[in-house]
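This is what each chain is made of:
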Amino acid sequence: MKTIQELEEIRKKTLDTINIRKDRSGTRIVVGMATCGIAAGARPVLLTIMDEIKKHDLSDVVVAQTGCIGMCRLEPIVEVYKPGEEKVTYVKVNPSKAIRIVNEHIMKGKVVEGYTIGAESK
Amino acid sequence: MKDLSLHILDLSQNSISAGAGLVEISIEEDTKEDRLTICINDNGKGMDKDFLEKVMDPFVTTRTSRRVGLGIPLMLAACSRCEGELVIESEKNVGTRLKAVFKHSHIDRAPMGNMAETMLSLILAGSDVNRNVDFVYRHIIDGRVFCLDTREIRTALGNDINLGEPEVLMWIKDYINEGLKNIRGGV
C-alpha cells in the first residue's frame, strides 16, 4: 500500500540530485503536447523519456512540454536543446524511438539523424 | 483521441494555459444510473461571454500557430455520440467549469484510458520552474472514492522538492494505479 509517509524517504533521497539539477546548465528535452501531439501519441513518448532519465540517473536533463508548434502532421515532436549546440527536432516519435534518442543523443551525444525533421522532409 | 484520459489531458492543458493555480478533475462512474461524468474545474483567467458562446466551434482558438482548435470540439463529439452532453461555464477572472456526460454503457463510449499517465503529464506540465499548478483528481466508481491532491504531496515533500522530480512522479503513478485498482474492486 502506497502511503504519503513514503514521500519522506523520497525527499531525503532526492535532495542531493535536485541540487545538481538546479543549476539548469544541462540538456532540455521538450515534447509537443497540444491536441495534435496528444492525439498522435505524445503522452507515452513523454513518459518513456521520463522513465529513461530515471533509469539512467541523468540528473542534468530536464523534460518540458510545449504547445503546438505548427507542424501537426509530424507529431509527436521532440526537441532537444543541448547547451552550446543547435536545437535538434525529432518528428513522428514513438516510445521506441524516444528510447534511442535518449540513449544515443542525450547520453552519447550522437544525433539520431534518421528521426530528425531533416530526414523526414527528404 | 483514442480514450477519455487523453481528452482530459488535452482539456486540462487549457486550464494550465489559462494560468490556473488549481485544477480539479473529477470522474464519476455510476453504473446503476448508467452515467459517466467528467468535470474539470479551474481557477484560471476564465472566458468572457462572447468567447464562451463560440468556444465549441473548431474555428475558434487562442493558439497563434493556426486558426483551428480541436480540443473542445473533439470532446463534444465524443459526448454527443454517447447520448451525453458537454457543458462549459466560465466567468472572467474567476475560472472555468467543464462538465462532460456520457452514457456509461454506450457502445461508442471511448474507454477511460490511462489516468495515471494523464495525471503525470499534467503534474509535469504544472511544475515548471517558474510556477506551480496544483491538481485534485477524484475518481468515484459506484460510491467508492479515490482522491489525489498534489497540495498534500507538496506539504509532505517540503518546498525544496519539485513535483516534477522523476522519483516523485513514479511514486504518484504507483499511488494512482493502486488507488484505481482498489475502487475498481481489485481488477
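Residues numbered from 1 in each chain as written. Chains lettered and ligands numbered in written order. Predicted model: local features only at pLDDT ≥ 70, side-chain atom pairs only at ≥ 80, totals over all residues. Heavy atoms only, no water.

A. Region of the structure containing the overall build of chain B. Within chain B, the secondary structure is distributed over six helices and six strands. Put simply, chain B runs from its N terminus to its C terminus through helices and strands in the order α-β-β-α-α-β-β-α-β-β-α-α. Radius of gyration (C-alpha) of chain B: 17 Å, near the 16 Å computed for a compact globule of 187 residues. Each of the three principal axes of chain B carries a C-alpha extent, and together these read 40 × 40 × 25 Å. Long-range pairs, those at least 24 residues apart, make up 61% of the contacts in chain B between residues at least 6 apart in sequence. Here chain B has roughly 8,900 Å² of accessible surface; of this, 47% comes from carbon and sulfur atoms. (Helix = DSSP H or I, 4+ residues; strand = E, 2+ residues; numbered from the N terminus. Rg over C-alpha atoms; globule rule 2.2 N^0.38 Å. Contact = heavy atoms within 4.5 Å. Areas by Shrake-Rupley, 256 points an atom, 1.4 Å probe, with all protein chains shown as cover.)

B. Fine view of the interface of chain A and chain B. Listed by partner, the interface residues are 33 residues for chain A and 41 residues for chain B. Between chain A and chain B the total buried area reaches about 3,400 Å² when both faces are included, carbon and sulfur atoms providing 63% of it. For the pair chain A and chain B, the number of links is 10 residue pairs in polar contact (both at pLDDT 80 or more). Looking at the side of chain A that touches chain B, the elements with two or more residues in it are helix 1 (6–22), helix 2 (35–40), helix 3 (42–55) and strand 2 (61–66) of chain A. Sort the elements by how many residues they give to the side of chain A that touches chain B and helix 1 of chain A lands first, with 11 residues. Class assignment for the residues of the side of chain A that touches chain B results in 17 nonpolar, five polar and 11 charged. (Buried area = accessible area lost by both parts, 1.4 Å probe. Polar contact = N/O pair within 3.5 Å; in protein donor to acceptor, adjacent residues only side chain to side chain. Nonpolar A, V, L, I, M, F, W, Y, C, P; charged D, E, K, R; others polar.)

C. Structural context of the packing of helix 1 (residues 4–17) of chain B against helix 4 (residues 115–125) of chain B. All names here are of chain B. For the pair helix 1 and helix 4, interaxial distance at closest approach is 9 Å and the crossing angle is 15 degrees. The angle between helix 1 and helix 4 falls in the class roughly parallel. The chirality of how helix 1 crosses helix 4 is right-handed. Judged by residue contacts, S5, L6, I8, L9, S12, Q13 and I16 of helix 1 engage M115, T118, S121, L122 and A125 from helix 4. Residues belonging to the contact of helix 1 with helix 4 are distributed by class as follows: seven nonpolar, five polar and no charged. (Axes fitted to C-alpha atoms, helices over the stretch in contact; angles between N-to-C directions. Parallel < 35°, antiparallel > 145°, perpendicular 65-115°, else oblique. Left-handed = near helix turned anticlockwise from the far one by under 90°.)

D. Inspection of the pattern of salt bridges at higher detail. Under the definition given, this model contains nine salt bridges over all chains. The salt bridge involving E79 of chain A is made with K87 of chain A; its shortest N-O contact spans 3.2 Å. Under the relative-accessibility criterion, E79 of chain A is labelled buried at 7%. In this structure, the salt-bridge partner of D134 of chain B is R154 of chain B, at a minimum N-O distance of 2.9 Å. Pair noted here: D134 of chain B is in strand 5 (residues 134–141) and R154 of chain B is in helix 5 (residues 150–157), with a separation of 20 residues, a long-range link. Overlapping salt bridges, with partners in common, bring together K2 and E6 of chain A together with D174 of chain B in one network. (Salt bridge = Lys/Arg side-chain N within 4 Å of Asp/Glu carboxyl O. Buried < 20%, exposed > 50% of the residue type's maximum accessible area, 1.4 Å probe, protein only.)

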